[in-house]
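# Summary of the model geometry
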Amino acid sequence: MSKGATYRELYLACRARLQRAGVEDPGTDAALLCRHFFSLDRAGLAVHGEEACPEGLREKFLQAQEERAGRRPLQYILGQWDFMGLPLKVGEGVLAPREDTAALVEAVAARLPRRKGLYGVDLCAGTGAVALGLCSLCPGVRIDCIELSEKALFFLRENLASYPQYPIQARQGDICSPQDAQAIGPLDVLVSNPPYIRSAVLPTLQPEVRREPSMALDGGGDGLGFYRAIAALWLPKLKPGGLVGVEIGEEQGEAVAGLFRQAGLTGIAVHQDWAGLDRAVTATAQV
Ligand code: GLN
């Protein structure tokens, strides 16, 4: 790249570099890097694209470009990612929020009674995306977020602190541990996006996902380990009429609905994400 590179040249070179590196959507990633470093969205690039980029800024941009070409997740490079319109802090050690997860949040919000004083938990809370998304739709629901990973807890606490209007707390705990579950409940609502990928599938995932914590992805041999723990330790804490909603892998709808049925829940429903894939299961405890 010549010294007086323009924003437009930098954008085009970045797109080409990311394409060669096998990045799935190089145009979008290059545009998001431009927005982050240059404060220029696509319209801004059209207007200011022929202006020369200051050298210091160009160096930062090129460094980020090389990290992205090395398949570091874009979310980690930017350090922030939106979920349901809420900017959340993300980085190494926590699962980046996915748009798919909005299907869980919306399905739970649609079934949650509009009553004051509701209390719930978000299990395997990660960034806090699910709890924050739910509170943004149903303000006033008090939620305890349970998260085991120290690194994830750092991001969780930062994100909760950014939204002090929502009554959400972080607690360190292992959702599979009867001791850790003991003190909590009874629950009006339980939400979770647990790890649900089959262990054998993990090494086949795209390089970006393999740089996310396997602890947030690995659901054990059949991918259902955490749903079993939820059924055994947490569903009994639901109050009569209490609501559960979990995110699932697209092929797990029947299996998870079956676990909920065995646990005696009613009104079991499978919900699709924006791509039309099964992505969440909700159910209620019998009254
Ligand atoms: N949807 C995530 C992925 O496919 C998986 C999230 C999870 O295991 N909870 O990368």
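Heads up: these notes are all about the structure in this document. (Residues numbered from 1 in each chain as written. Predicted model: local features only at pLDDT ≥ 70, side-chain atom pairs only at ≥ 80, totals over all residues. Heavy atoms only, no water.)

Taken as a whole, this structure holds five aromatic pairs when the rule is applied. Ring centres 6.2 Å apart and planes at 85 degrees place the aromatic pair Phe37 and Phe61 in the edge-to-face group. Separated by 24 residues along the polypeptide, Phe37 in helix H2 (residues 26-38) and Phe61 in helix H4 (residues 55-69) bring together distant segments of the chain. Plain terms: the ring middles of Phe154 and Phe155 are 5.0 Å apart, the flat faces sit at 80 degrees to each other, and that makes the pair edge-to-face. Residue class for Phe155 comes out buried when judged on its relative accessible area of 10%. Each residue in the set Tyr7, Phe37, Phe38 and Phe61 is aromatic and connected to the rest through ring pairs, giving one cluster. Here Lys237 stacks its cationic end above the ring of Trp234, 5.6 Å away from the centre of that ring. (Phe/Tyr/Trp six-rings, centres within 6.5 Å; stacked < 30°, edge-to-face > 60°. Helix = DSSP H or I, 4+ residues; strand = E, 2+ residues; numbered from the N terminus. Buried < 20%, exposed > 50% of the residue type's maximum accessible area, 1.4 Å probe, protein only. Lys NZ or Arg CZ within 6 Å of the ring centre and 35° of its normal.)

Now for helix H12 (residues 253-262). The set of residues buried in H12 consists of Gly253, Val256, Ala257, Gly258, Leu259 and Phe260. Structurally, H12 contributes buried residues whose contacts are with helix H11 (225-234), strand S7 (238-247), strand S8 (266-272) and strand S9 (278-284). Taken from the residues just after H12, Gly264 is the one with a positive phi, measuring 90 degrees. (Contact = heavy atoms within 4.5 Å.)

A few words now on the pattern of salt bridges. Tallied over the entire structure, the rule returns 16 salt bridges. A salt bridge links Glu50 to Arg8; the shortest N-O distance between them is 3.7 Å. With Glu50 in the loop between helix H3 (42-48) and H4 and Arg8 in helix H1 (residues 7-20), this residue pair connects regions lying 42 residues apart in the sequence. In this structure, the salt-bridge partner of Glu92 is Arg72, at a minimum N-O distance of 2.9 Å. Separated by 20 residues along the polypeptide, Glu92 in the loop between strand S2 (86-89) and helix H6 (102-111) and Arg72 in the loop between H4 and helix H5 (74-78) bring together distant segments of the chain. Residues joined in a network through salt bridges with shared partners are Asp29, Arg68, Arg71 and Glu208. (Salt bridge = Lys/Arg side-chain N within 4 Å of Asp/Glu carboxyl O.)

For the rest of this paragraph, the subject is the nonpolar core. Judged by nonpolar contacts, the single largest core of 35 residues is most densely connected at Leu190, Trp234, Leu235, Val244, Val246 and Phe260. Mapped by element, the contributors of at least two residues to this core are strand S3 (119-123), strand S6 (187-192), H11, S7, H12 and S9. No other element matches the five residues that H11 contributes to this core. Look past the residues within four positions of Trp234 in its chain and what remains in contact with it is Val121, Leu123, Ile146, Ile175, Ala181, Ile184, Leu187, Leu190 and Ala229. Counting residues in hydrophobic clusters, the runner-up holds 31 residues, among them Ala102, Leu134, Leu153 and Tyr163. (Core = buried A, V, L, I, M, F, W, Y, C linked by side-chain atoms within 4.5 Å.)

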